Amino acid sequence: QLPDQDNPLMFGLPSNIDRSVQRFNSQRYINMLKAITAVSKEDLKFDREMWAKALGPILKLWKSIYKPDGFRAVKIKPGNLNSEDPVEAFTYMETQNMLMTLQKINESLSSIARVIKGSGMLTSKIESEATALLKREVPEAWCSFWEGPDNSQDWLIKFERKASALLTWVDRIQSGSLLESNLDLSQLFHPETFFNALRQKSGRSLVCPIDELKLISTFERKSIGTKSVVHLEGMYLQGAGFEGGRIVDQSSEHLQELIPLPPCNLAWVRRTDPDPYSEGTCVSVPVYFSILRENLLCELNVPNSGSSDERIISGVAIFLDGSD
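## Thoughts on the nonpolar core
For step 1, the next point in the chain: Judged by nonpolar contacts, the single largest core of 75 residues is most densely connected at Met-98, Phe-159, Leu-185, Phe-194, Phe-195, Ile-247 and Ile-318.
For step 2, the next point in the chain: In terms of residues, this core owes the most to one element, helix H5 (residues 86-117), which gives 11 residues.
For step 3, the next point in the chain: Residues within four places of Phe-194 in sequence aside, it is in contact with Val-87, Phe-90, Trp-169, Leu-183, Leu-185, Leu-188 and Val-230.

Okay, here's the thing in structure tokens:
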């Protein structure tokens, strides 16, 4: 008699892969339930009472999470955007675009709230944005800066969280301590652009064309030998264990699906510079924005105590963010 479930090890998968399957199925059912609760075509027509009931939760959510005083205090000058330091220019540009999007969101939700209260006029723009929210979608004007989750409430929560975190990046840029402290790239809206800015900064510091640079990394407390080193924190590993600065086999199927990683030292160096580890001791691990594995940031060579082929087959990956 065949077993009800196949052993994941037969397919080169980690023994606790069922946790990933359970999470995926749970999210799928949640999305189905959200689709069921979405309004019908008839309900999309303007009805003040229906709009108040259907859009009330998201208006209350925004009112509870949006604290405007901290954002109003941020002042970005034209010179900041044209800084000769690519990382500094990126941080200010990211912040400026965030503030502009934040203003769009607040104006949009405030206009919808006034229409519901009867103190505002219903325009085609307001109706279009409200219709998207009624369908639990993100209005197109909002996501022109950042795509994010498909569900509008999830999108708003993540946007506000990233926006608040970005203010701390501005503070550290102004104090000159950004690259000296640990960075969490999941706080950024566009971590790939930060990577490019860091690459440009490194190229200028090394007086080397950027296409002659390579990315190196280490999870150990060792010097990489360059000024433009970043210390990344908050990343997660899936598909294997991690001990002593290297990837190891998972010792038990009861291990958690995502393993928090220690801070990672990362830098762009000349292609001719030596790697921090000897050849054949590492495996190339993809780094994704989130566990959805939709957006690839880069690949890191991580020390590995097992077979590199087995790690690739088992889908070992690193994530900036441990949530969907």
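## Regarding the pattern of salt bridges
For step 1, the next point in the chain: Inspection of every chain in the model, using the stated rule, returns seven salt bridges.
For step 2, the next point in the chain: Between Arg-72 and Asp-69 there is a salt bridge, with its nearest N and O atoms 3.8 Å apart. Here Asp-69 and Arg-72 lie together in helix H3 (residues 68-72), a separation of three residues that amounts to about one turn. This pair shows no difference in class: Arg-72 is exposed, exactly as Asp-69 is.
For step 3, the next point in the chain: The salt bridge partner of Asp-85 is Lys-201, with a shortest N-O separation of 2.8 Å. In this pair, Asp-85 is assigned in the loop between helix H4 (78-81) and H5 and Lys-201 in helix H8 (residues 191-206), connecting sequence segments 116 residues apart.

## Details of the side chain of Ser-202
For step 1, the next point in the chain: By secondary structure assignment, the location of Ser-202 is in helix H8.
For step 2, the next point in the chain: When neighbours within four sequence positions are excluded, Ser-202 is seen to be in contact with Leu-213, Ser-228 and Trp-268.

## What to know about the packing of aromatic side chains
For step 1, the next point in the chain: Taken as a whole, this structure holds 13 aromatic pairs when the rule is applied.
For step 2, the next point in the chain: Pairing Trp-169 with Phe-194 gives two aromatic rings, centres 5.6 Å apart and planes at 90°, and the pair type is edge-to-face. On the criterion of sequence distance, the pair formed by Trp-169 in helix H7 (residues 152-175) and Phe-194 in helix H8 is long-range, its members being 25 residues apart.
For step 3, the next point in the chain: In this structure Trp-169 comes out as buried when scored by relative accessible area, which is 0%.
For step 4, the next point in the chain: Judged by its relative accessible area of 0%, Phe-194 falls in the buried class.
For step 5, the next point in the chain: Between Tyr-288 and Phe-319, the ring centres sit 6.3 Å apart and the planes meet at 35°, which makes this aromatic pair tilted. With Tyr-288 in strand E9 (residues 282-288) and Phe-319 in strand E11 (residues 317-319), this residue pair connects regions lying 31 residues apart in the sequence. Taken as a pair, Tyr-288 and Phe-319 share a single burial class, namely buried.

Thresholds, definitions, all that
Residues numbered from 1 in each chain as written. Predicted model: local features only at pLDDT ≥ 70, side-chain atom pairs only at ≥ 80, totals over all residues. Heavy atoms only, no water. Core = buried A, V, L, I, M, F, W, Y, C linked by side-chain atoms within 4.5 Å. Buried < 20%, exposed > 50% of the residue type's maximum accessible area, 1.4 Å probe, protein only. Helix = DSSP H or I, 4+ residues; strand = E, 2+ residues; numbered from the N terminus. Contact = heavy atoms within 4.5 Å. Salt bridge = Lys/Arg side-chain N within 4 Å of Asp/Glu carboxyl O. Phe/Tyr/Trp six-rings, centres within 6.5 Å; stacked < 30°, edge-to-face > 60°.

Such coordinate-based values are descriptive only and should not be taken to indicate function.
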